[in-house]
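So the chains spell out like this:
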Amino acid sequence: MPKLQEAVDALETLYPLRYAESWDAPGLIVGDLDAPVTRIAFAADPTHAVIEQAIGWHADLLVTHHPLFFRAVHETSGAGVHGAIVSALYRHGCALWVGHTNADAAFRGVGQAAADAFGLHDLQPLEPIDDPQSPHAVGIGRVGRLAEPMPLRDFAQVVARKLPETEYGIQVAGELDAPVSTVAVLPGSGDSMFDAVRASGADVYVTSDLRHHPATDALEQARWEASLRQHGLHAGNGDGHLRPALINTPHSAIESLWFRYALEDVPAAIAARTGQRPEVKWINMRTDPWDLVIR
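Being a predicted model, the structure only gives us computed values, none of them experimental.

1. Thoughts on the sheet that holds strand β7 (residues 171-173)
Across the sheet, which stays open at both edges, the six strands sit in the order β5-β6-β8-β9-β10-β7 with mixed pairing between neighbours. Both outer strands of the open sheet, β5 (120-129) and β7, are each paired with one neighbouring strand and no more. Neighbour to neighbour, the strand axes of the sheet diverge by 20° on average, direction disregarded. As paired strands, strand β8 (residues 179-189) and strand β9 (residues 204-208) are joined by four bridges and run parallel to one another. Residue A184 lies in a different strand from β9, and its bridge partner there is Y205. Sitting on the sheet, helix α6 (residues 152-162) touches β6 (138-151), β7, β8, β9 and β10 (245-249), and the angle it makes with β6 is about 125°.

And the structure:
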């Protein structure tokens, strides 16, 4: 049967660690390399509840998008939840592998999965990575076109329908009746990428975790440029409409769209290496933190 090392090799061929941002540390976090892998669970976040479900299903490997550790760690004792998670994983023989920004950038990774789910075509990375080893264009985010233009309000409904349900929902800023054709998508925290989005000529930017000041500044600049274009001056991209509009999505929800591909690609890659295909399961519990929205 496949060993953990073989499963990791397959994962890191699909989602190369060299694609990760410099501050990120994805890859194998917990596990013995010679342990057998016959069951793989997938989840957005390695929360304690997710770990319990993976162990309850007798998973040999849990693949998550978000890291267990975002910052330097100096202890993993039972005094903290992260230490308790590491202990539980080892006690029950379940490894943990994280595909974070490396999976964001990969072919059939997080960015492409979201763009495909929203019906985009002619995809290109929002921020390309030069990888001569890849036959596909790779990089952070995706920019693509809809088959037919539609009003912003209708495209926002498409996005909402495709996402796993959350209490938080989505938020939309822009001219709701303005036509949308070109879309930039960056699953996860995206308000550091406004310059790249404006340069892409996107009509709308779909991302997560938009903060008040960066989002307000981006919208105000877009409104000003639209007013200049209405007076016949060249500014920004497009016509007299505000571009790009913004769609803010729940962070884990949009990134969970990746598992539509990973549930197919990972076991197939392991089977190609070992001749044996592991069983897979998506633990799709809601892990966005908000339980109540009061309007």
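Next comes the rest of the write-up.
2. Concerning the domain arrangement of the protein chain
In terms of domain boundaries, the protein chain breaks down into domain 1 (4-102 + 255-282) and domain 2 (105-253). The centre of domain 1, based on its C-alpha atoms, is set 29 Å off from the matching centre of domain 2. Both sides of the domain 1 and domain 2 interface together cover about 1,700 Å² of buried area, and 54% of this is carbon and sulfur. Linking domain 1 with domain 2 are three salt bridges, by the criterion used here. In this structure, R108 engages D265 in a salt bridge whose closest nitrogen and oxygen atoms are separated by 2.8 Å. Here domain 1 is connected to domain 2 by 16 residue pairs in polar contact (both at pLDDT 80 or more). Counting only elements with at least two residues in the side of domain 1 that touches domain 2, the list comes to α4 (101-105) and α10 (259-274). With four residues, the top contributor of residues to the side of domain 1 that touches domain 2 is α10. Among the residues forming the side of domain 1 that touches domain 2, the class breakdown is seven nonpolar, five polar and seven charged.

3. Let's talk about the UniProt feature "binding site: a divalent metal cation" (unreviewed entry) in the protein chain
With numbering aligned to this structure, UniProt lists the feature "binding site: a divalent metal cation" (unreviewed entry) at H65, H66 and D104. These annotated residues cover 40 residues of sequence, and their C-alpha atoms all fall within 10.8 Å of one another, placing them together at a single site. Here, the largest pocket is lined by H66 and D104 out of the annotated residues. Position of H65 relative to the elements: it lies in the loop between β3 (61-64) and α3 (81-91). Contacts of H65, omitting those with residues within four sequence positions, involve A43, A44, V98, G99, H100, D104, V110, E255, W258 and F259. Residue placement: H66 occurs in the loop between β3 and α3. A relative accessible area of 7% means that H66 is categorised as buried. Setting aside residues up to four positions removed in sequence, H66 forms contacts with A44, D45, P46, V98, H100, H251, S252 and E255.

4. Here's the deal with helix α1 (residues 4-14)
In an α-helix, one turn spans 3.6 residues, which is why side chains three or four residues apart end up on the same side. Inspection of α1 places L4, A7, V8, A10 and L11 among the buried residues, and these make up the whole buried set. Down the axis of α1, the buried side of the element spans an arc of 160°, and every buried residue falls inside it. As for α1, its buried residues are in contact with β1 (27-30), β3, β4 (95-98) and α10.

5. Comments concerning the sheet that holds β1
Across the sheet, which stays open at both edges, the five strands sit in the order β1-β4-β3-β2-β11 with mixed pairing between neighbours. The open sheet terminates on both sides in strands that have one partner only, identified here as β1 and β11 (279-282). Within the sheet, the average angular offset between the axes of one strand and its neighbour, ignoring direction, is 25°. Pairing of β1 with β4 involves three bridges; the strand directions are antiparallel. Looking at the pairing, G27 lines up with V98 of β4. Relative to strand β2 (residues 39-43), α10 is tilted by about 155°, and along the sheet it contacts β2, β3 and β11.

6. With respect to the environment of A218
Tracing the backbone shows A218 in helix α8 (residues 212-230). Under the relative-accessibility criterion, A218 is labelled buried at 17%. In this structure, the C-alpha to C-alpha distance between A218 and R198, residues 20 residues apart in sequence, is 9.2 Å.

7. Some remarks on empty space enclosed by the protein
Within this structure, the stated rule accounts for one cavity of 30 Å³ or more. A volume near 30 Å³ is recorded for the largest cavity. As for the largest cavity, its lining consists of L152, E175, A178, P179, V180, D203, L242, R243 and A245. Its residues placed into classes, the lining of the largest cavity shows six nonpolar, no polar and three charged.

Rules used in this analysis
- Residues numbered from 1 in each chain as written.
- Predicted model: local features only at pLDDT ≥ 70, side-chain atom pairs only at ≥ 80, totals over all residues.
- Heavy atoms only, no water.
- Pairing = 2+ DSSP bridges.
- Helix = DSSP H or I, 4+ residues; strand = E, 2+ residues; numbered from the N terminus.
- Axes fitted to C-alpha atoms, helices over the stretch in contact; angles between N-to-C directions.
- Contact = heavy atoms within 4.5 Å.
- Domains from an automatic or database assignment.
- Buried area = accessible area lost by both parts, 1.4 Å probe.
- Salt bridge = Lys/Arg side-chain N within 4 Å of Asp/Glu carboxyl O.
- Polar contact = N/O pair within 3.5 Å; in protein donor to acceptor, adjacent residues only side chain to side chain.
- Nonpolar A, V, L, I, M, F, W, Y, C, P; charged D, E, K, R; others polar.
- UniProt positions renumbered as here; feature names shortened; annotations may be inferred.
- 1 Å grid on protein atoms, 1.4 Å probe; cavity = no way out; pocket = protein on both sides within 12 Å on 5 of 7 lines; lining within 4 Å.
- Buried < 20%, exposed > 50% of the residue type's maximum accessible area, 1.4 Å probe, protein only.
- Arc of directions from axis to C-beta.
- Points joined across faces, edges and corners; volume = space filled by probe spheres on them.

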